[in-house]
Amino acid sequence: MGRIIVVVGVVLAVLVGAVVALPNFIPQDVYRKTIEEQASKALGRKVTVTGNISVGIFPRIEAKAGTTTIANPDGFGAAPFASMKELRAAVKLIPLIFQKVEIDEFVLVDPTIGLVQLENGGNNWTFDIPGAAPKPNQPQKPSQIGASLGNVHIINGQVSFEDRKAKTTHALSALDLTAQMQAIDQPFSIHASGQADSLPFTIDTKIANPKAMIDGKATPLEANLKTDVFDTNVKGSAVMGDKTSVDLTFDATVPSLPKLADAFKLTDLPARTALGKVTLSGKAQGSPDDLTVADLTFKHEGGLAVDFTGQAHMAKDLTFKGHVSAVVADLRKLAEGAGTKLPPGDIYKRFAFAGDAAGGPNKISLTNAAIDFDAIHATGQADIGLAGKPKITGQLATNVIDATPYAAASGAPEEQKKSNGWGNDPIDLSPLKAADADLTLKAEGVKFQKFDFGPSNLLITLAGGKLTADLKQTSLFGGSGSVVAVADGSGPVAAVGLKANVDKLALKPLLSAAAGFDMVEGAGGLNVDISGSGANLQALMSSLAGNGKFDFDNGLIKGVNLTELGNAAKTALSSKSISLNAFSKDAQTKFSGLKASFNMKDGVAAMSDLKLDAEGIAVAGGGALDIGKQKLSLSLFPQFNSKSQGLNGYGLPVKLAGGWDGVGLSLDWDWLAQKAVGDVKGKVANSIQDELKKQLGGSAFSGLLGQGATAAAAQPAASQSAGQAAPSQQPAETPKSDKDKLKDAAKNQLNKLLGKGN
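Given the structure is predicted, the values throughout are model-derived calculations rather than measurements. Just so you know, the residues in each chain are numbered from 1, in the order the chain's sequence is written. The predicted nature of this model means local features are confined to residues of pLDDT at least 70 and side-chain atom pairs, given and counted, to a pLDDT of 80 or more, with totals for whole chains, interfaces and linings taken over all residues. The basis for the side-chain values is all heavy atoms of the structure; hydrogens and waters are excluded.

1. Thoughts on the overall build of the chain
Logical step 1: From N to C terminus, the chain includes 15 helices and 36 strands.
Logical step 2: In the chain, which comprises 758 residues, the proportion classed as buried is 36%.
Logical step 3: Contacts are residue-level and defined by heavy atoms, with any inter-residue pair within 4.5 Å sufficient. Counted over contacts in the chain with a minimum sequence separation of 6, partners at least 24 positions apart contribute 49%.
Logical step 4: In the form shown here, the chain has an accessible surface area of approximately 41,000 Å², with 57% of it arising from carbon and sulfur atoms. Every helix listed is a DSSP run of H or I at least four residues long, and every strand listed is a run of E at least two residues long, numbered separately from the N terminus. Residue burial is assigned from relative accessible area. The probe radius is 1.4 Å, only protein chains are included, and a residue is buried under 20% of its type maximum, exposed over 50%, and partly exposed in between. All accessible-area figures derive from a Shrake-Rupley calculation using a 1.4 Å probe, and residue coverage is judged against the displayed protein chains alone.

2. Regarding the nonpolar core
Generally speaking, soluble globular proteins have nonpolar side chains that are buried together.
Logical step 1: Judged by nonpolar contacts, the single largest core of 80 residues is most densely connected at Leu 505, Leu 565 and Leu 612.
Logical step 2: The contact partners of Leu 612, leaving out residues within four places of it in the chain, are Ile 557, Leu 562, Phe 591, Gly 593, Leu 594, Ile 617, Ala 618 and Val 619.
Logical step 3: Remark: nonpolar core denotes a set of buried residues (Ala, Val, Leu, Ile, Met, Phe, Trp, Tyr, Cys) joined through side-chain atoms within 4.5 Å. Counting residues in hydrophobic clusters, the runner-up holds 13 residues, among them Val 152, Ile 207, Ala 238 and Leu 248.

3. Looking at the confidence of the model for the chain
Close inspection of predicted coordinates is inappropriate in any region flagged by low pLDDT.
Logical step 1: Looking at the chain as a whole, its pLDDT mean stands at 76, while 72% of the residues score no less than 70.
Logical step 2: Each residue carries a pLDDT score, the predictor's confidence in it, ranging from 0 to 100. Contacts for the low-pLDDT stretch residues 139-146, under 50 throughout, to residues beyond four places or in other chains number eight contacts.
Logical step 3: For residues 691-734, every residue scores under 50 in pLDDT, and the model assigns this stretch 75 contacts once sequence neighbours within four places are set aside.

4. As for the pattern of salt bridges
Logical step 1: Any carboxyl oxygen of Asp or Glu within 4 Å of a side-chain nitrogen of Lys or Arg constitutes a salt bridge here. Overall, the coordinates contain eight salt bridges when judged by the stated rule.
Logical step 2: Note that Glu 521 is salt-bridged to Lys 508, the shortest N-O span being 3.7 Å. Separated by 13 residues along the polypeptide, Glu 521 in strand E29 (residues 520-534) and Lys 508 in helix H8 (residues 507-515) bring together distant segments of the chain.
Logical step 3: Classification of Lys 508 by relative accessible area gives partly exposed; the value is 28%.
Logical step 4: Salt bridges here are not isolated pairs; linked through shared partners, they connect Lys 508, Glu 521 and Lys 558.

5. Considering the packing of aromatic side chains
Logical step 1: Note on aromatic pairs: the rings of Phe, Tyr and Trp (six-membered ring only in Trp) are paired at centre separations within 6.5 Å, and the planes decide the class, stacked below 30 degrees, edge-to-face beyond 60, tilted for the rest. The tally for this structure, following the rule as stated, stands at five aromatic pairs.
Logical step 2: Geometrically, the ring pair formed by Phe 351 and Phe 353 is tilted, given 6.0 Å between the ring centres and 55 degrees between the ring planes.
Logical step 3: Taking relative accessible area as the criterion, Phe 351 reaches 26% and is therefore assigned partly exposed.
Logical step 4: A cation sits over an aromatic face here: Arg 45 above Phe 81, 5.3 Å from the ring centre. Whether a charge lies above a ring is judged from NZ of Lys or CZ of Arg, which has to be within 6 Å of the ring centre and within 35 degrees of the ring normal.

6. Digging into the pairing of E29
Logical step 1: By this definition, two strands are paired if DSSP reports at least two bridges between them. In this structure, strand E28 (residues 494-506) lies alongside E29, joined through 11 bridges in antiparallel fashion. Looking at E29, one finds that Ala 500 is bridged to Val 528.
Logical step 2: Alignment of E29 against strand E30 (residues 545-560), held across 11 bridges, turns out to be antiparallel. The residue bridging Val 528 from the neighbouring strand is Gly 548, located in E30.

7. Thoughts on the side chain of Asp 488
Logical step 1: Tracing the backbone shows Asp 488 in strand E27 (residues 480-488).
Logical step 2: Only four residue types enter the tally: Lys and Arg on the positive side, Asp and Glu on the negative side; His and the chain ends are excluded. Here Asp 488 sits buried without a salt bridge, and the closest side chain of opposite charge, Lys 466, lies 4.7 Å off (N-O distance).
Logical step 3: Any N or O atom pair separated by 3.5 Å or less is treated as a polar contact, with the protein-specific requirement of one donor-capable and one acceptor-capable atom, and with residues adjacent in sequence counted only for side-chain atom pairs. A distance of 2.6 Å separates the side chain of Asp 488 from the side chain of Ser 490, its partner in a polar contact.
Logical step 4: The residues touching Asp 488, leaving out its near neighbours within four places in the chain, are Leu 429, Gly 465, Lys 466, Val 493, Ala 494 and Ala 495.

8. Digging into unusual backbone geometry
Logical step 1: Its identity is not glycine, yet Asp 197 carries a phi of approximately 50 degrees, on the positive side.
Logical step 2: Within the fold, Asp 197 resides in the loop between strand E11 (188-196) and strand E12 (199-207).
Logical step 3: Although it is not a glycine, Asp 602 adopts a positive phi angle of roughly 55 degrees.
Logical step 4: Residue classification places Asp 602 among the exposed positions, given a relative accessible area of 52%.

9. Description of the environment of Val 47
Logical step 1: On the secondary structure map, Val 47 appears in strand E1 (residues 47-49).
Logical step 2: Separated by 36 residues in sequence, Val 47 and Ser 83 place their C-alpha atoms 9.6 Å apart.
Logical step 3: When sequence neighbours within four positions are dropped, the list of residues in contact with Val 47 reads Glu 36, Ala 39, Ser 40, Thr 68, Thr 69 and Ile 70.

Below you can see the structure in the form of structure tokens.
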């Protein structure tokens, strides 16, 4: 019995020795040819093995191949799809007898893979593998072969990706990967490190039971990805059966968005200087093409601080819903980072909003919103469009809106200047191009300089740099009506426009706000339609054109009693004196009507039909207001209802002329004398019109009083109607007449009343 055992042992030893030694007697070219043929057939690509080949059978089946290349398909050039310096594979022999595949070793040394996507969408990583596709609905037999992974290792791998349509390339280099799995129903782990586009990274992944996951059972897993610019952690379960689904919790941290952008070569990052740290967390459930994220939190720290809590849904597009708050501590800095330079001033400082948010990549809707912009606070609802240029639409209620500092920052003066021009500071309306808007505002008040429009309903539209503010309801100085203001920055130079239609407007606060003049009271209607354009304020004011009219009732003119002034004409020429009681702080003239219309061109508003109706007296007049040059010229011609008053029914004609720093007043004595002693026939209005044209230069009110031809009989004081003082020294041989002295005395008293005298 023992001899038999020895013989059997010898035979087995010889057979095992023969099996072990047999591969060494087979030439390498036989293996090479077989490997190349079978691999090429399986991949549908030419496979070439140029390095040494060795094969072993005992105690494990193993093979080693030297330099190996896999060719690219036609149309991708002569470079190989993949190549490797060495490939080693070994399978345990004994488990294989029992239909269990246990990979003892699988190593790729210096593998290089070049992925290419063409302009037409074709790629070189889709293999045309021969063989019939499985028939539809054909049941798959479950595999009876178990598997395990021993030493699975990729050493110094290189993967490149070239997108020829997008003209971009990416590279994965220095890839070292180790995978382990004792059995297919045992934990499967992967550890990898390398560089993605020069960005170092490490990955650790673990799947509790790969077989259960493939069989459609929820299987625990976790993964961690760490880089210098972001850190991501995922934990939960996944199913990979007929339909892949996940139930995961995740968190991610990006210490610096600009550094992340630099790592991925994103050079057009908007508002870069305002970006900072991002943290993100949530719970994801569903399939990759229909994923819901609950308990989502997003936080951004930096120049733009954002907090969001809610949920998101990712299918064809990303949608979200929750509560959001955002704060821009330095709006000017944020705008500069986005390529927009805001005008200087103590404005454009802070912007913040909070509310319930819903939307997607192209639109965000805010409800129950609270919005703060500098000193402006608004509540309501708004939509923010993000497709292209931002666009804001919605309905908001605000506190008082003061537009003065924003207009001043764009070139408008903060206060009315005094006859020294408007200045050549450029008007900058470029910030209007940064966004579009369509907003309905209900404001507690609207202010601009000294103009208080009161509680107002506004429709704000902003498109292409053109801003239109339509005050549907205004209570400007006690009136009611509408005002439309336009600021247009879409063209090469700034343009503005104003249309106003207001009834029951209080005249005193209007004139006080517009020109610092508070000597006239009354209420009535005002209609204005003017526009202009210019690179600076001086050019813009000198370009104004349009028309307008006003009609005020039951008012009061302070500082002058026109009736008494008219009666003074009776004795003025004979006694060479007038009652100065007509001019005083206590003097006044009540009127039942004051109206006129004007046409404006090149910044000059010409008026020829001024009419004032008082008790027993009417005053006609006209003149010009040169807004560009900040000058005023106005002539008034009083006429009594009865010719028994004044001189043949005429009162003293008055000329007002000057600049923004003050208006001078003079009396036209000689015109009065001419009308008093002459044969006055026809309508007085015709005489007044003829005289007015004469004094305004002969053309249809085209010049200013004092710049055109003056009345031939006007006295020297009238020629100084711009409010300038008479020369301090007169030639001794030309003493003043009593008439001239009277004129000077009257002029001085009038100028004192108007703030011009000493």
